[in-house]
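Descriptive structure summary
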Amino acid sequence: MSKCWVVIAAGGSGKRMKRTVPKQYLEISGKTVIEHVMGVFLAHKIISGVVVVTAVDDSRWQKLAPSHPKFLGRVEGGVERSDSVLNGLNALSPHVGPDDWVLVHDAARPCISKELIDRLTKKVMRHPIGGILGLPITDTIKETDHNGGIIKTVSRESMWLAQTPQMFRLQTLRGALNDLNQRGVKVTDEAAAMEFLGMRPLIVEGSETNLKITTPADLPLAEYFLEGQAKEFQQPEKRAVFATKRTKKTESEVIKKTSPKAGRRLMKRPKFLGSE
Ligand code: CTP
Ligand code: MG
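All residue numbers refer to positions counted from 1 along the written sequence of the respective chain. As they are written, the chains are lettered A onward and the ligands numbered 1 onward, keeping that order. Side-chain atom pairs in this predicted model are given and counted only at pLDDT of 80 or more, local residue features only at pLDDT of at least 70, and totals for whole chains, interfaces and linings cover all residues.

1. Details of the overall build of the protein
- Under the scheme used here, helices are H or I runs from DSSP no shorter than 4 residues and strands are E runs no shorter than 2 residues, and both carry numbers assigned from the N terminus. Of the regular secondary structure elements, the protein holds 10 helices and 13 strands.
- Any residue whose C-beta has 12 or fewer other C-beta atoms within 10 Å is treated as exposed, any with 20 or more as buried, and any in between as partly exposed, C-beta atoms being built from the backbone. Among the 276 residues that make up the protein, the fraction classed as buried is 39%.
- In this description, any two residues whose backbone-derived C-beta atoms lie within 7 Å of each other are considered to be in contact. Partitioning the contacts of the protein with sequence separation of at least 6, the portion at a separation of at least 24 is 73%.

2. Structural notes on helix H1 (residues 33-43)
- For H1, the tally of buried residues reaches 10 of 11 residues, placing the bulk of the element in the interior.
- Along H1, the positions that sit buried rather than exposed are Val 33, Ile 34, Glu 35, His 36, Val 37, Met 38, Gly 39, Val 40, Phe 41 and Leu 42.

3. Structural notes on the site of ligand 1
- To decide nearness, the C-beta atom of each residue is placed from the backbone, and the residue is near a molecule or strand if that atom lies within 6 Å of it. Looking at ligand 1, there are 21 residues lining it, with Ala 9, Gly 11, Gly 12, Lys 15 and Arg 16 nearest.
- For the shell around ligand 1, the secondary-structure elements that each account for two or more residues are strand E1 (4-10) and helix H3 (81-92).
- Residue type decides the class: Asp, Glu, Lys and Arg count as charged, Ala, Val, Leu, Ile, Met, Phe, Trp, Tyr, Cys and Pro as nonpolar, and the leftover types, Gly among them, as polar. Counted by class, the shell around ligand 1 contains 6 nonpolar, 9 polar and 6 charged residues.

4. Overview of the sheet that holds strand E5 (residues 71-76)
- A strand pair is defined by DSSP finding two or more bridges across the two strands. Taken in spatial order, the 7 strands line up as E5-E4-E1-E6-E10-E7-E11 in an open sheet, and their pairing is mixed. What marks the edges here is a single partner per strand, and that holds for E5 and strand E11 (202-205). This sheet shows a mean twist of 25 degrees between the axes of neighbouring strands, independent of strand direction.
- Sheet analysis places strand E7 (residues 130-136) next to E11, joined by 4 bridges and oriented parallel. Across the sheet, the residue bridging to Ile 132 is Ile 203, located in E11.
- Fitted lines through C-alpha atoms give the axes, limited to the stretch in contact for helices. The angle between two N-to-C directions lies from 0 to 180 degrees. The strands touched by helix H5 (residues 170-183) within the sheet are E1, strand E6 (101-106) and strand E10 (160-169), with E10 carrying the most contacts at an inclination of about 115 degrees.

5. Description of the environment of His 105
- Mapped onto the elements of the fold, His 105 is located in strand E6.
- With 95 residues separating them in the primary sequence, His 105 and Ala 10 have C-alpha atoms 9.0 Å apart.
- Those residues in contact with His 105 that lie beyond four places of it in its chain are Val 6, Ile 8, Val 37, Ile 112, Thr 164 and Pro 165.

6. With respect to the confidence of the model for the protein
- pLDDT is a per-residue confidence score from the predictor, ranging from 0 to 100. Confidence along the protein averages 88 in pLDDT terms, with 84% of residues attaining 70 or more.
- Considering only residues more than four positions removed or in separate chains, one finds that residues 242-276, a stretch of pLDDT under 50, has 53 contacts.

7. Looking at the packing of H3 against H5
- It is at 10 Å that the axes of H3 and H5 come closest, and there the two elements cross at 135 degrees. Between H3 and H5, the angle is such that the two are oblique. Along this stretch, H3 crosses H5, giving a crossing that reads as left-handed. Of the residues in H5, those in contact with Ser 82, Val 85, Leu 86, Leu 89, Asn 90 and Leu 92 of H3 are Leu 170, Leu 173, Arg 174, Leu 177, Asn 178 and Asn 181. To sort the angles, those under 35 degrees are grouped as roughly parallel, those over 145 as roughly antiparallel, those from 65 to 115 as roughly perpendicular, and the leftovers as oblique. Helix crossings fall into two classes, left-handed where the near helix is turned counterclockwise from the far one by less than a right angle and right-handed where it is turned clockwise.

8. Structural notes on helix H4 (residues 114-124)
- Among the residues making up H4, those that are buried are Leu 116, Ile 117, Leu 120, Thr 121 and Val 124. Projection of H4 onto a plane perpendicular to its axis shows the buried side chains occupying an angular sector of 120 degrees, all on one side. Exposed positions of H4 whose direction lies more than 90 degrees from the buried face are Glu 115, Asp 118 and Lys 122.
- Lining the buried residues of H4 we find E1, E7, E10 and E11. Taking the helix axis as origin, the arc is that swept by the directions to the C-beta atoms.

9. Quick look at unusual backbone geometry
- Cis rather than trans, the peptide bond between Thr 164 and Pro 165 has omega equal to 10 degrees.
- Relative to the elements of secondary structure, Pro 165 occurs in strand E10.
- Of note in this structure, Ser 29 is not a glycine but carries a positive phi near 50 degrees.
- Mapping Ser 29 onto the fold places it in the loop between strand E2 (27-28) and strand E3 (31-32).

10. Observations concerning the pairing of strand E9 (residues 150-154)
- When you tally the buried positions in E9, you get 0 out of 5 residues, a small fraction of the element.
- With 4 bridges connecting them, strand E8 (residues 141-144) and E9 associate as antiparallel partners. Note that in E9 the partner of Thr 144 across the bridge is Ile 150.
- From the end of E8 to the start of E9, which pair antiparallel, there are 5 residues, and Gly 148 there has a positive phi angle of about 85 degrees.

11. Looking at the environment of Lys 31
- Its location among the elements puts Lys 31 in strand E3.
- Distance from Lys 31 to Pro 110, taken between C-alpha atoms, is 10.0 Å for residues 79 residues apart in sequence.

So, in structure tokens, the structure goes:
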């Protein structure tokens, strides 16, 4: 049976968050954003291995690198997200079978859950191309000119917001991104690379909880969703990945600013087993 591998894209600097710390390293509900993401994928039994892509000058990653049998290593990222993803795929490539899948996920989406991964993998494994999580658009959509004048209302029927994970045959996606690189075409997600080459990936309904932390307003929202998930955190496979450890007060500064309640909870901060 084809295996599933994961590339976590964490090579961005989070300019829109306007923080000195890149958003994947902000603490929220007791852990950094990237720790939340790694925990979910490493704990999932369908996943064979995880590669994390971080910026070349990243000084924070080392402290968080998990010592987990499924964590395969860290790779340096590139200028654009697609460059980072391609580097991750290249690193995995020698180790995977010809029909193996890869799930590419934004490090900035910490509320990804086992249930969403199940939903995506179940549907996509039966699909010839691959697919992504997405959300149907519920607001009315306007197209504007450069001065903000509304040109027209675009029908929202059949319109979706793309989320991650995005799941494709690893070698096919790698070939597609390489191809676009050579043609100088930039894409902002993996599905766009496949679409550009004439393929039609599947969209699987995701969840509003799987938000991408982009601006400061997203932080308390992500915390709210993670707190909800924490109530279901008693699942044995999740407990196996984490151990509880006391942490320094200084580590909680970021979240204390947005949520004093969450700041207090940081005294019981789960950490990866074997890290540090
Ligand atoms: N990413 C990456 N390599 C890049 C750029 C982005 O791996 N060269 C990752 C980010 O770390 C993030 C995901 O891609 O997890 C989605 O990108 P985005 O939300 O745009 O993150 P940033 O690029 O970090 O944020 P910004 O655009 O505000 O600078
Ligand atoms: Mg970006």
